[in-house]
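# Reading the structure
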Amino acid sequence: MLEQVVRLGRAGIGIIERLGRGHLLLWHILGGLGALSVRPGLLIRQIYSVGVHSMLIVGVSGTFVGMVLALQGFYILSQFGAEQTLGVMVAASLVRELGPVVAALLFAGRVGSALTAEIGLMKATEQLSGLEMMAVNPVKRVLTPRFLAGFISMPLLAALFSALGVLGGFFVGVGLLGVDEGAFWSQMQAKIDLHEDVYNGVIKSLVFGVVCTWIALFQGYDATPTSEGVSRATTRTVVHSSLAVLGLDFVLTALMFGD
Amino acid sequence: MPETSDEPLIKIRGLKFFRGDRAIFDGVDIDIQRGKVTAIMGPSGTGKTTLLKLIGGQLRPQAGTIHVDGQDVHKLGTRDLYRLRMRMGMLFQSGALLTDINVYDNVAYPLREHTKLPEAMIRKIVLLKLEAVGLRGARHLMPSELSGGMARRVALARAVALDPMMIMYDEPFTGQDPISMGVLVQLIRSLNDASRLTSIVVSHDVHETAAIADEIYVIAHGQVMEHGEPKVMMDSGEEWTRQFMHGLADGPVHFHYPADHLEQDLMEKRC
Amino acid sequence: MVQNRSVELLVGVFMAAGLVALFFLAMQVGNLSASTNGEGYLVTARFDNIGSLKEKAPVTMAGVRVGRVSAIGFDQATYEAVVTLSIDPKYVTIPDDTFAKIFTAGLLGEQYVGLDPGGSEEYLKHGDQLALTQSALVLEEIIGQFLFSKAEEGVE
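Treat the numbers as computed from the prediction; the structure is a model and nothing was measured.

Residue and element names in this part refer to chain C. We note that Ala-62 has phi near 55°; this positive angle belongs to a residue other than glycine. Along the chain, Ala-62 turns up in the loop between strand 2 (58–61) and strand 3 (64–75). A positive phi angle is found at Tyr-79, which is not glycine, with a value near 55°. Mapped onto the elements, Tyr-79 comes out in the loop between strand 3 and strand 4 (80–87).

Below, the structure is given as structure tokens:
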């Protein structure tokens, strides 16, 4: 019994220690932002590997999600004779929720795991140590550009997801199911609010970008430098980021649309 | 404050370092003389790599001091520590080359980070350093295309790119075939003598190390067991040192990990 | 380096695609061009009952949107709802005896304010109040009236 309590305490202390190390790392990462403006080349390379490589998966997923939304929505809305509002339904669900959230989940799987593996392997092969001994700060040199790249790419990817989703919904709704084109757009434009919906969606994706990239970098940087440790850290990245995204989505939604 | 040249370059006094409850170092004193090759030897797991990380300021000791060129490493601020590290080269066991850039860029890396030299000048330095390790022709290869020995030689070229005052070699001979081993042994010695470097070699390969070292420290159980010139160490009267230097299977260090009697163990049913 | 150039090019393509998507969401979906975010002149109207009218509901004239409902309040002295309408500043020739009604868009649609122009020569300005209003039709009341009249018919 006592042993269990001790174990619980140890686990608690472990979690708090990790949280502390995580926040310290974030602080150091942010401290490197100033130096990055001198070397924009580093950032461009990272946006390439973070953003460009995710364009395809995010774009394709967005298109299909939009198409499915239109298909499902049409059958439900047509029962009330409200097919005209299909555009609203598709756009609202994409811009408010699915765009930021699904793009972030894809981002965690596609980019987060890759970042963790990359940083973890750099640690395991002593590359980070090597940089340190070359008097180069590995956090500023390696982590900061990746962090900023994630921060910049995430909202762009989410926007890409939503926009292609709306077009996919348009294609299915108007092209295949015969919803009136004018009604599709005008209802959407009348009901979707720039501040309430679009801006809040962008804010969500910015938050998700920070959290996903941060978790991925921390897991890689904090990984046990063995192949097993890195593979575990990669799994943890995907699990933790996905949970964080879904949990934060609830909090942010409650804050933004709650009143 | 620079000290006179016959002062040791590195002075370690009363060094204590613990991992959890386990003492890695428990009161270690080491002097590393300028211009010499000093070997730190000991069985696996005695914290030889840890010692190098302590000297480089990557780890902090619980007690004791390490002075490098008159500066207390663990009392320096980040800026001064980084400045000191620029004068230290370190060769990691794996080479620690950056895997996403090629050999040329790896060697050029510290130059581009720390100097404002024009690219033409960097090119000359890089090619000269690569020539010194015999890999000028391999400059367009990626680290993944190199053999272990070649990777270490590239890493060595990178370590000397900034013309440091000292180089620390972490297990340079481990896992090398006899030819690359011979190449590395010769490189370490010739680099040391040609550039008036100070070298620290951490290793447990007795013969290769004894061939190039001017002085050997043997560390075990968190203590310096003995130190002296290679010849003296080989003929040491101490039983422990003799066992280590000659690789005897049994001696003060037993072949068997502590266990119950074999008969008793075999008779028992449970695992 | 050739490779570097293609990296930069692709990053440029990515950033451009993302920004175009954001722009698309803002303009086409969110209708930035036609949004009236508090930029308009305010007029108030008092209703006995506003039904389920919400803030940001459209204000239309002849079916064309001319503004939004910017605030809804309650007058404790008269027990009336005070609805503030924000009218797009480009519509400056709305007569001051305009009639404001609350309509429902379709059977299940949301409610909006419809304006019927009067014949006055004076135009509405910021801070004016619309005197003529008609409350929302509340479905339950209509059904109640209908049943009541049916019941009366039955008595006769």
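A complete count under the given rule lists six aromatic pairs over all chains for this structure. Their ring planes at 90° and their centres at 5.4 Å tell us that A:Phe184 and A:Trp185 sit as a pair that is edge-to-face. As far as burial versus exposure is concerned, A:Phe184 and A:Trp185 are alike and both buried. Ring plane angle 40° and centroid distance 5.8 Å describe the contact between C:Phe103 and C:Tyr112, whose orientation is recorded as tilted. Ring-pair connections join several aromatic residues into one group, and the members of that group are A:Phe170, A:Phe184, A:Trp185 and C:Phe24.

On inspection of all chains with the given rule, the structure shows 24 salt bridges over all chains. For A:Asp222, the salt bridge goes to A:Arg21, with nearest N and O atoms at 2.9 Å. Pair noted here: A:Asp222 is in the loop between helix 8 (194–221) and helix 9 (227–257) and A:Arg21 is in helix 1 (residues 2–31), with a separation of 201 residues, a long-range link. We classify A:Arg21 as partly exposed; its relative accessible area is 36%. As a salt-bridge pair, B:Lys129 and B:Asp163 come within 2.8 Å of each other at their nearest N and O atoms. Here B:Asp163 lies in the loop between helix 5 (148–159) and strand 7 (166–170) and B:Lys129 lies in helix 4 (residues 119–132), a separation of 34 residues in the sequence. Linked through salt bridges whose partners overlap, the residues forming this network are A:Arg18, A:Arg21 and A:Asp222.

Residues and elements named next belong to chain C. Looking at the element boundaries, Ile-50 is found in the loop between strand 1 (41–47) and strand 2. Separated by 86 residues in sequence, Ile-50 and Ala-136 have C-alpha atoms that sit 5.2 Å apart. The residues touching Ile-50, leaving out its near neighbours within four places in the chain, are Ile-72, Ala-81, Val-83, Ile-102, Gln-111 and Ala-136.

What follows covers the interface of chain A and chain C. With 31 residues of chain A in contact, the opposing surface of chain C contributes 27 residues. For the pair chain A and chain C, the summed buried surface comes to about 2500 Å²; carbon and sulfur atoms form 75% of the total. On the chain A side of the contact with chain C, A:Leu156, A:Gln189 and A:Leu194 bury the most area, a combined 23% of that side's loss. Inspection of the chain A/chain C interface yields zero salt bridges. Viewed at the interface, chain C and chain A are joined by zero residue pairs in polar contact (both at pLDDT 80 or more). Only helix 3 (40–79), helix 4 (86–124), helix 6 (138–176), helix 7 (181–191) and helix 8 of chain A provide two or more residues apiece to the side of chain A that touches chain C. If one sorts the elements of the side of chain A that touches chain C by residue count, helix 6 of chain A sits on top with ten residues. Each residue belonging to the side of chain A that touches chain C can be placed in one class, and the counts come to 22 nonpolar, five polar and four charged.

Residue and element names in this part refer to chain B. Taken in spatial order, the six strands line up as 6-7-8-3-9-10 in an open sheet, and their pairing is mixed. Each having just a single partner strand, strand 6 (88–91) and strand 10 (223–228) make up the two edges of the open sheet. Each strand of the sheet is rotated relative to its neighbour by a mean of 15°, with strand direction disregarded. Direction of pairing for strand 3 (residues 37–41) relative to strand 9 (residues 215–220): parallel, over a ladder of four bridges. Paired with Ala-39 across the bridge in strand 9 is Ile-216. Of the strands in this sheet, strand 3, strand 7 and strand 8 (198–203) are in contact with helix 6 (residues 178–194), which crosses strand 8 at around 160°.

Analysis parameters
- Residues numbered from 1 in each chain as written.
- Chains lettered and ligands numbered in written order.
- Predicted model: local features only at pLDDT ≥ 70, side-chain atom pairs only at ≥ 80, totals over all residues.
- Heavy atoms only, no water.
- Helix = DSSP H or I, 4+ residues; strand = E, 2+ residues; numbered from the N terminus.
- Phe/Tyr/Trp six-rings, centres within 6.5 Å; stacked < 30°, edge-to-face > 60°.
- Buried < 20%, exposed > 50% of the residue type's maximum accessible area, 1.4 Å probe, protein only.
- Salt bridge = Lys/Arg side-chain N within 4 Å of Asp/Glu carboxyl O.
- Contact = heavy atoms within 4.5 Å.
- Buried area = accessible area lost by both parts, 1.4 Å probe.
- Polar contact = N/O pair within 3.5 Å; in protein donor to acceptor, adjacent residues only side chain to side chain.
- Nonpolar A, V, L, I, M, F, W, Y, C, P; charged D, E, K, R; others polar.
- Pairing = 2+ DSSP bridges.
- Axes fitted to C-alpha atoms, helices over the stretch in contact; angles between N-to-C directions.

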